[in-house]
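Understanding the architecture of this molecule
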Amino acid sequence: MFLEVDELRAGYGPVQVLHGISLHVEKGEIVTILGANGAGKTTTLLSVSGLADITGGAVRLRGKDIHTLPADEIVARGLTQAPEGRRIFGPLSVMENLRLGAFTVKDRKAVARTLEQVFELFPRLSERRSQPAGTLSGGEQQMLAIARALMARPRLLLLDEPSLGLAPLLVKAIFETVHAINESGVTVLLVEQNARAALKLARRGYILEMGRIVMEGDAAALLADPGVQQAYLGG
Amino acid sequence: MDQLFQQLVNGLAVGGIYALVALGYTMVYGVLKLINFAHGDLFTIGAYLGLTLFVAMGSAGTLPGFAAVLPVAVMVMGLTALLGGVLERVAYRPLRKAGRLSAVVSALGASIFFQNAVMLVWGANYEVYPEVMRPSAVIFLFDTGVPLIRLLIIGVSLLLMLTLYGFIHHTRTGTAVRAAAIDQGAAALMGINVNRIITLVFLIGAGLGGAAGIMVGMSYGQIDFSMGFSYGLKAFTAAVLGGIGNIPGAMLGGMLLGLIETLGSAYLTIAWKDAISFLVLILILIIRPTGILGERTAEKL
């Protein structure tokens, strides 16, 4: 198993958000986590990345516990994240943001190669490389957040609501990019509000409610499920 | 005219010292949103260590030559940096997840601790830097006599500031420091060890503060255990003036405050020297609370 979340309990300080969730992601897959606001989707991703307080259960990457590691060491093991709200470094230039994404990569030539690939994927970022990241448009900022997470050459990429607040055309472009990233060999765990698009892209999905997994299965089956349609696909 | 030029040089020398100390406040504030009230006392310790080490470098009761100031300054910067690192580990890191107020109380406690430690080790009376550390040479610039020591202080403080600026803006680790100051969580997601960055910031800030301590000894001759309080307050004012959390702001704020204070006390009245500084603080807090170079940022929740 590539990523395994096992009976995970987590939250922030005294507030528990996840009440024992289990999920797994296989190598090469796109897996999506759906759910309403406050269900615990973001907390799940932050827990996996080492930024939430874990009170029970385990997270394993290729069989090794990572929930005991600090966030920076998890990145070094090939797991990166484009977090909710993008969290780009606004005052820093696009280039500086991207270079920070490659902070764990010591080989300069490898960084230069990845940079080229990332610019191929997002030509807009190349045009704006010396601009402060905070001056980019929302769509460009999202591209930067994803590009930055790719700079560490991850094997597993966590994406938290990449389509949030974007115009429909941009949403489509972002989903196509996620598909391309996956095709290039990166496993993806995707959290989305846009359930229909996410299920069309993903192979499998989990549905999270109040900090518990209430349903899981193949994306096609979830798309066809009347309960899921009612709750998440607008009937 | 002569007098104005001399006062400008004086102002820049004092300003350089303020700026170096202000950098310590502003860098720590940048990454931790904490005012390190013990920072002024690290500066005091730098001044005392400078004196003690310099005297110790002489043999059999004779003092070493002026050239010994350089290795002494390097050692002092190293030692105060180390002390800054220990301070963070002991007084602040255990409280990282506690409220901000707890850290402030801890900072005040650390300040009192350092002040009393200095008093116990070196005594409550003031100490005097030996003449050999304070060259009395005067250099003529534009037909005006300017003390060499002032120029030396301006030069060294500018050099230290430029080095720091280059490090922060043009190295990988420096960029990581800026990233951690913007968003610690996002920095950690880049694979940056944020704790290490915080330690580094304390090391650099305290090291610069230690250097400023020696400069005060060399320039005014007298040091005492409580000097960190007044200099700390001035440097804090300088940091706020430039925009707290902003590194070029601390440099600019320090230089400006030094100039305002020196010119104010020369042309108005010397008795109002401190009042002028704090009037600046009050005015900046009323007119532009974010400081000259500070950006208006929404408080993160």
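Above this text you will find the structure in question.
So, a few notes on the structure that sits alongside this text. Every chain is numbered on its own, with residues counted from 1 as its sequence reads. Here every chain gets a letter starting at A, and every ligand a number starting at 1, in the order they are written. Selection of residues for local features in this predicted model requires a pLDDT of at least 70, selection of side-chain atom pairs for listing and counting requires 80 or more, and totals for whole chains, interfaces and linings are taken over all residues.

With that settled, the discussion passes to the overall build of chain A. Runs of E in the DSSP output that reach at least two residues are strands. Runs of H or I that reach at least four are helices, and both are numbered from the N terminus. In terms of helices and strands, chain A carries 10 helices and 10 strands. The C-alpha atoms of chain A give 17 Å as radius of gyration, which agrees with the globular expectation for 235 residues (18 Å, within 12%). Judged by the C-alpha coordinates and their principal axes, chain A covers about 45 × 40 × 30 Å. Counting over 235 residues, chain A shows a buried share of 46%. Contact between two residues is assigned when their C-beta atoms, built from the backbone, lie within 7 Å. Here the contacts in chain A between residues at least 6 apart in sequence split such that 66% fall between residues at least 24 apart. Computation of the radius of gyration draws on C-alpha atoms, with the globule rule given as 2.2 Å multiplied by the number of residues to the power 0.38. The exposure label follows from counting other C-beta atoms within 10 Å of a residue's C-beta, where the C-beta atoms are placed from the backbone and the thresholds are 20 or more for buried and 12 or fewer for exposed, leaving partly exposed in between.

Here we take up the interface of chain B and chain A. Opposite the 14 residues of chain B that make contact, chain A presents 21 residues. Counting residues per element, the ones that place at least two in the side of chain B that touches chain A are α6 (172-182) and α7 (184-189) of chain B. Sorting elements by how many residues they give to the side of chain B that touches chain A places α6 of chain B first, with 5 residues. Each residue gets one of three labels, nonpolar for Ala, Val, Leu, Ile, Met, Phe, Trp, Tyr, Cys and Pro, charged for Asp, Glu, Lys and Arg, and polar for the others, Gly among them. Residue composition of the side of chain B that touches chain A, by class: 8 nonpolar, 4 polar and 2 charged.

Axis angles are defined between N-to-C directions and span 0 to 180 degrees, where every axis is a line fitted to C-alpha atoms and, for a helix, only to the segment in contact. One can describe the packing of helix α3 (residues 94-101) of chain A onto α6 of chain B by two numbers: an axis separation of 10 Å at closest approach and a directional angle of 100°. Taken together, the axis directions place α3 of chain A and α6 of chain B in an arrangement best described as roughly perpendicular. Together, Glu96, Arg99 and Leu100 of chain A of α3 of chain A and Thr175, Ala176 and Ala179 of chain B of α6 of chain B make up the contact between the two elements. Considering only residue class, the contact of α3 of chain A with α6 of chain B consists of 3 nonpolar, 1 polar and 2 charged. Note on terminology: angles under 35 degrees are roughly parallel, angles over 145 are roughly antiparallel, angles of 65 to 115 are roughly perpendicular, and the others are oblique.

In this section: the pairing of strand β1 (residues 3-12) of chain A. Residue and element names in this part refer to chain A. At least two DSSP bridges between two strands are required for those strands to pair. Where β1 meets strand β4 (residues 53-61), 7 bridges bridge the pair, whose relative direction is antiparallel. If you follow Arg9 over to β4, its bridge partner there is Gly56. Both β1 and strand β2 (residues 15-25) contribute to a ladder of 8 bridges, which runs antiparallel. Directly across from Gly11, in β2, lies its bridge partner Gln16.

A word on the environment of Gly213 of chain B. The topology assignment puts Gly213 of chain B in helix α8 (residues 194-220). When the C-alpha atoms of Gly213 of chain B and Leu70 of chain B are compared, they prove to be 14 Å apart, with 143 residues separating the residues in sequence.

Residues and elements named next belong to chain A. An order of β2-β1-β4-β5 is seen for the 4 strands of this open sheet, with the pairing classed as antiparallel. Each edge of the sheet is formed by a strand with only one pairing partner; in this case those strands are β2 and β5 (64-65). Bridge analysis of β4 against β5 gives 2 bridges, and the strand direction is antiparallel. Each residue of the ladder has a partner; that of Leu61, found in β5, is Lys64.

Our focus in this paragraph is the sheet that holds strand β7 (residues 156-160) of chain A. All names here are of chain A. Sheet architecture is open: 6 strands sit in the order β6-β7-β8-β3-β9-β10, paired in mixed fashion. Looking at which strands have only one partner, the edges of the open sheet turn out to be β6 (79-82) and β10 (212-218). Taking the axes of each pair of neighbouring strands and ignoring which way they run, one obtains an average angle of 15° across the sheet. The pairing of strand β9 (residues 204-209) with β10 spans 6 bridges and is classified as antiparallel. Its bridge partner lying in β10, Arg204 is registered against Asp218. Here helix α1 (residues 41-49) sits on the sheet and contacts β3 (30-35), β6, β7, β8 (187-191) and β9; the angle it forms with β7, its principal contact strand, is near 150°.

A few words now on the packing of helix α2 (residues 39-57) of chain B against helix α9 (residues 227-242) of chain B. Residue and element names in this part refer to chain B. The N-to-C vectors of α2 and α9 enclose an angle of 125°; their axes lie 8 Å apart at closest approach. Put simply, α2 runs oblique to α9. Where α2 crosses over α9, the two elements pack in a sense that is right-handed. Contact with α2, carried on its side by His39, Gly40, Asp41, Phe43, Thr44 and Ala47, involves Met227, Gly228, Phe229, Tyr231 and Gly232 of α9 and no other residues of that element. Class assignment of the residues belonging to the contact of α2 with α9 gives a composition of 5 nonpolar, 5 polar and 1 charged. For a crossing to be left-handed, the near helix must be turned anticlockwise from the far one by less than a right angle; the clockwise case is right-handed.

Note that every value here comes from positions in space, so none of it alone points to a role or purpose.
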